[in-house]
Amino acid sequence: MQNKNNNLPLLEIDFIEFYVGNAKQAAYFYQDYFGFEIIAFSGLETGDKRKISYLLVQHNIRLVLTSSLIPNSEISDHVKSHGDGVKFIAFLVEDSKLAYLNTVNKGAEKYLLPKLIHDKNGEIIISGIKVYGDTVHLFVERKNYNGIFLPGFKKFKKIKSQIDFRLKNIDHVVANVGWNQMNKWVNFYSTVMGFSNLITFDDKDISTKYTALMSKVMINSNNKIKFPINEPAKGIKKSQIEEFIEFYNGSGCQHIALLSEDIIFSVKNMRSKGVEFLEVPETYYDNLFERCGHIDEDISILTNLGILVDKDEEGYLLQIFTKPVMDRPTFFFEIIQRKGSNSFGKGNFKALFEAIELEQKKRGTI
Ligand code: FE2
């Protein structure tokens with residue numbers, strides 16, 4: 001059911017910012033391995049003596065990587081506590097002050113009072129509220145700004161040309177929260193942010209012989225922003241959500257799904273660069289036709305690339321998951337292509353979680 005609370009018109013995800021130990025090296029990783037282009041930066045050369053940031057873009061996806069230039073800062077504290085991880089999920093809004101007041105009046109915890117920042121290209125108003133763990137939502141109003149990204153950022157001098165991996169949009173952003181915290185955050189997104197509950201997966205949907213989790217997917221009023229929220233469920237062994245929370249030292253963003261317009265092309269390029277993906281057993285593909293019927297793609301190519309398929313009443317989707325891209329076994333990416341299906345690959349959960357358990361075993365955490 002759509003939530004009627006439309007006081008908070010979030011237009012889309014504006015950018016996602018990671019706090020990392022070494023933004024420069026991370027920028028080249030996402031450029032080479034994921035096909036992003038480094039568009040802009042801010043740091044010492046632009047007058048910021050405290051931090052350095054790189055903006056990476058691919059079609060409508062904007063990622064920002066930020067690291068600290070000083071020993072004691074919010075950034076260095078974040079990295080010390082969580083390792084590299086998502087700090088800001090920023091929304092594009094018409095009116096940042098209104099978004100801030102609306103959410104804070106409904107109980108959101110303050111992070112940043114509406115602040116006007118400007119340069120010769122115009123002005124931006126930005127504000128923020130705290131959400132799960134140390135994660136923050138920013139409300140970015142940029143209708144009076146025509147610069148490259150935000151005031152303080154300058155165009156990055158291209159060092160090499162990068163091929164486009166055909167990753168188009170952010171499809172969904174997933175939160176991992178602690179035991180019995182899922183409904184608290186579902187309630188937050190519903191009452192404070194005006195989201196609705198799109199789908200619920202219980203521990204029977206998402207379990208293997210050993211581990212389990214529960215998930216509810218929240219969606220905003222224009223259906224452009226989807227946030228699944230996971231919590232651990234009881235199993236014989238430690239679930240991947242508990243492992244995440246242990247290594248991330250709290251709740252946080254578990255994965256971002258990047259929407260591809262041609263997943264075979266995207267994954268071929270990523271594999272050729274050396275991106276590591278979770279491997280499902282080859283037997284996964286044995287009954288694919290019985291499970292999914294006709295699909296446009298050549299199954300042998302999907303098998304070679306390890307791309308998973310799931311079908312529902314509306315169509316099908318293709319998806320694949322990277323192994324964690326940070327040192328700690330925390331954050332990873334999903335690459336997804338939708339062919340009618342608006343779901344999240346329920347039919348793949350079991351194979352996927354068995355593959356994750358194999359990785360947990362290698363890490364000695366299960
Ligand atoms: Fe996902």
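Residues numbered from 1 in each chain as written. Predicted model: local features only at pLDDT ≥ 70, side-chain atom pairs only at ≥ 80, totals over all residues. Heavy atoms only, no water.

Section: the coordination of the iron ion
Right, on to step 1. Within the protein, the iron ion binds to His 172 (NE2), His 255 (NE2) and Glu 334 (OE); these donor distances fall in the range 2.0 to 2.2 Å.
Right, on to step 2. Mapped onto the polypeptide sequence, the residues donating to the iron ion form the spacing pattern H-x82-H-x78-E. Of this pair, His 172 sits in strand E10 (residues 167-176) while His 255 sits in strand E14 (residues 252-260), and the two are 83 residues apart along the sequence. Taken individually, His 172 and His 255 each receive the classification buried, so the pair is uniform in this respect. (Donors = N, O, S within 2.8 Å, 3.2 Å for Na, K, Ca; no water. Helix = DSSP H or I, 4+ residues; strand = E, 2+ residues; numbered from the N terminus. Buried < 20%, exposed > 50% of the residue type's maximum accessible area, 1.4 Å probe, protein only.)

Side note on the domain arrangement of the chain
Right, on to step 1. Assigned domains of the chain: these are domain 1 (10-155) and domain 2 (167-363).
Right, on to step 2. The C-alpha centroid of domain 2 is placed 25 Å from the C-alpha centroid of domain 1.
Right, on to step 3. Each side of the interface is counted separately: domain 1 has 40 residues, and domain 2 has 38 residues.
Right, on to step 4. Of the roughly 3,200 Å² buried where domain 1 meets domain 2, counting both sides, 68% is carbon and sulfur surface.
Right, on to step 5. Considering only the side of domain 1, the residues that lose the most area to domain 2 are Tyr 33, Phe 34 and Tyr 132, jointly responsible for 21% of the buried surface there.
Right, on to step 6. At the junction of domain 1 with domain 2, the criterion picks out zero salt bridges.
Right, on to step 7. Looking at the side of domain 1 that touches domain 2 element by element, the count peaks at six residues for strand E1 (residues 10-19).
Right, on to step 8. A class-by-class count of the residues in the side of domain 1 that touches domain 2 yields 21 nonpolar, 12 polar and seven charged. (Domains from an automatic or database assignment. Contact = heavy atoms within 4.5 Å. Buried area = accessible area lost by both parts, 1.4 Å probe. Salt bridge = Lys/Arg side-chain N within 4 Å of Asp/Glu carboxyl O. Nonpolar A, V, L, I, M, F, W, Y, C, P; charged D, E, K, R; others polar.)

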